[in-house]
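Given next are the chains, with one letter for each unit.
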Amino acid sequence: MTKQEWPLYEVFIRSRSGLSHRHAGSVHAADDEMALNNARDTYTRRSEGVSIWVVRSDRIVASDPAETSAFFDPAEDKIYRHPTFYEIPDEVENL
Amino acid sequence: MSANSTLAAYATRLGDNALILGQRMIELVAASPELEEELANANFSLDYIGQARMFYTYAGEREGAGRDEDDLAFLRPEHEYCNLLLVEQPNGHFGDSTVRQVLFESWYVLLLDALTRCSDEGISDIAARAIKEVRYHLRHSSQWLVRLGDGTEESHARTQASLDDLWRFTGEMFTPDDLDDEMRAAFNGPHLEVIETRWRENVAAIIAEAMLEMPGDQLMASGGKQGRHSEHMGFLLAEMQHLQRSYPGATW
């Protein structure tokens, strides 16, 4: 019998309340529940998280590297879209 | 029995269950079906060994004879270990290991829950820490039981055989001995008959979800709590104690 690879899942972890989930890595798993368990056991062993998202890698729709210039270059020369003209008070964190 | 010797003996027994199961599970390192499963299993094993350390350290304090966690873990002969026969059973195939974990953990989680309400603060504190770990272990193992039982024809048949085979080691979990009675009378310890009723309900639900059959009533093996172990225990201890026996006091 040939060994069938389990599907790959991408793992996103929120390290503490108030922050957003960040991509942590990926795990193999046979089903969604197992993916959540595996993500917990692989990526939060050292108290890295308070919330985990997993999603099958083949369900992610990603931009095409070949189209990088068409996708992202037009934004580069439009500095007026950046909120750099405001003073941010010191008390505001995680912006 | 004095209060201290009851607590020392009871904490040692809890430590024995945790240590021997932890040792069994660590044998699965480099033998798991998938990398992620292996990492999970190694984590669980270390959780159990961590619990054993806490129970042994506490037992040593209560005993007051100067023994520490290492003395209790590594320098006792087989008949002084009072763990359940179930936890010393070999890993076998993955279905065997999974069934052993489900049967033990569904009992252990109820026992720890009862222990969080016992009147000895030392034991209830450790139980409160351990139960969080074991709740997760049980979630993991029972999900696996469902996958295997409700999987292929072969996984179903093999898991059912594991269940039928290991069932005979569940009886002693619910049979109180003198120490259980003492713990209950003096420290509001667990009521094993109540735990048995809840355990049967919980295990029946997992088994039903896994499309498996509850094993029928049968002759139960016992003796673990009195230090009479199955033939597997000596080999496990030989491997586990080897380093400490050959190089007493060895450190990193």
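Basis of the calculations
Residues numbered from 1 in each chain as written. Chains lettered and ligands numbered in written order. Predicted model: local features only at pLDDT ≥ 70, side-chain atom pairs only at ≥ 80, totals over all residues. Helix = DSSP H or I, 4+ residues; strand = E, 2+ residues; numbered from the N terminus. Rg over C-alpha atoms; globule rule 2.2 N^0.38 Å. Contact = placed C-beta atoms within 7 Å. Core = buried A, V, L, I, M, F, W, Y, C linked by C-beta atoms within 7 Å. Buried ≥ 20, exposed ≤ 12 C-beta atoms within 10 Å, placed from the backbone. Pairing = 2+ DSSP bridges. Axes fitted to C-alpha atoms, helices over the stretch in contact; angles between N-to-C directions. Expected span 1.5 Å × (residues − 1). Bend = angle between axes of the 7 residues up to and from the residue. Parallel < 35°, antiparallel > 145°, perpendicular 65-115°, else oblique. Left-handed = near helix turned anticlockwise from the far one by under 90°.

(A) Highlighting the overall build of chain B. If you tally the helices and strands in chain B, you get ten helices and zero strands. Against the compact-globule benchmark of 18 Å for 252 residues, chain B has a radius of gyration of 18 Å, which places it among compact chains. Referenced to the eigenvectors of the C-alpha coordinate spread, the extents of chain B come out at roughly 55 × 40 × 30 Å. Counted over contacts in chain B with a minimum sequence separation of 6, partners at least 24 positions apart contribute 76%.

(B) Structural detail: the nonpolar core. Grouped together as the largest cluster of nonpolar side chains are 63 residues, with contacts concentrated most on B:Ala11, B:Phe55, B:Leu86, B:Leu103, B:Trp107 and B:Leu112. In terms of residues, this core owes the most to one element, helix H5 (residues 94-115) of chain B, which gives eleven residues. Every residue in contact with B:Phe55, bar those within four places of it in the chain, is listed here: B:Ala11, B:Leu14, B:Gly15, B:Ala18 and B:Ile126. If you look at the next biggest cluster of nonpolar residues, it comprises ten residues, including A:Val11, A:Ile13, A:Met34 and A:Ala39.

(C) Structural detail: the sheet that holds strand S1 (residues 8-14) of chain A. All names here are of chain A. Strand order in the open sheet formed by three strands is S2-S1-S3, with antiparallel pairing between adjacent strands. The strands lining the two open edges of the sheet, one partner per strand, are strand S2 (22-28) and strand S3 (51-56). Each strand axis lies, on average, 30° off the axis of its neighbour in the sheet, ignoring direction. Across six bridges, S1 lies against S2 in antiparallel orientation. Bridging from a neighbouring strand, Val11 pairs with Gly25 of S2.

(D) Highlighting helix H10 (residues 232-246) of chain B. All names here are of chain B. Its 15 residues place the ends of H10 21 Å apart at the C-alpha level, agreeing with the 21 Å of an ideal helix rising 1.5 Å per residue. Of all bends in H10, the biggest is about 45°, found at Met240. Summarising the contacts, the buried residues of H10 are in contact with helix H1 (3-26) and helix H4 (85-88).

(E) Quick look at the interface of chain B and chain A. Contact residues are listed per partner, giving eight residues for chain B and eleven residues for chain A. Mapped onto the side of chain B that touches chain A, the elements with two or more residues apiece are helix H2 (35-63) and helix H6 (121-149) of chain B. In terms of residue count, the dominant contributor to the side of chain B that touches chain A is H2(B) (four residues).

(F) Representation of the pairing of S1(A). Residue and element names in this part refer to chain A. Burial of the side chains of S1 is restricted to one face: Tyr9, Val11 and Ile13 are buried, whereas none of Leu8, Glu10, Phe12 and Arg14 on the reverse face is. The pairing of S1 with S3 spans six bridges and is antiparallel. Residue Tyr9 lies in a different strand from S3, and its bridge partner there is Arg56.

(G) Main features of unusual backbone geometry. Even without being a glycine, B:Asn188 presents a positive backbone phi close to 55°. If you trace the backbone, B:Asn188 turns up in the loop between helix H8 (178-187) and helix H9 (192-209).

(H) Fine view of the packing of H5(B) against helix H7 (residues 153-166) of chain B. All names here are of chain B. Packing of H5 against H7 leaves a shortest axis separation of 9 Å and a crossing angle of 50°. Considered as vectors, H5 and H7 are oriented oblique to each other. When the axes of H5 and H7 are compared, the crossing they make is right-handed. Contacts between H5 and H7 involve Gly95, Asp96, Val99, Arg100 and Leu103 from the former and Ser155, Arg158, Thr159, Ser162, Leu163 and Leu166 from the latter.

(I) Structural detail: the environment of B:Asp150. Residue and element names in this part refer to chain B. Along the chain, Asp150 turns up in the loop between H6 and H7. Using a count of 14 C-beta atoms within 10 Å as the deciding quantity, one classes Asp150 as partly exposed. Each C-alpha atom, one on Asp150 and one on Met211, is 5.6 Å from the other, the two residues being 61 residues apart in sequence. Look past the residues within four positions of Asp150 in its chain and what remains in contact with it is Ala210 and Met211.

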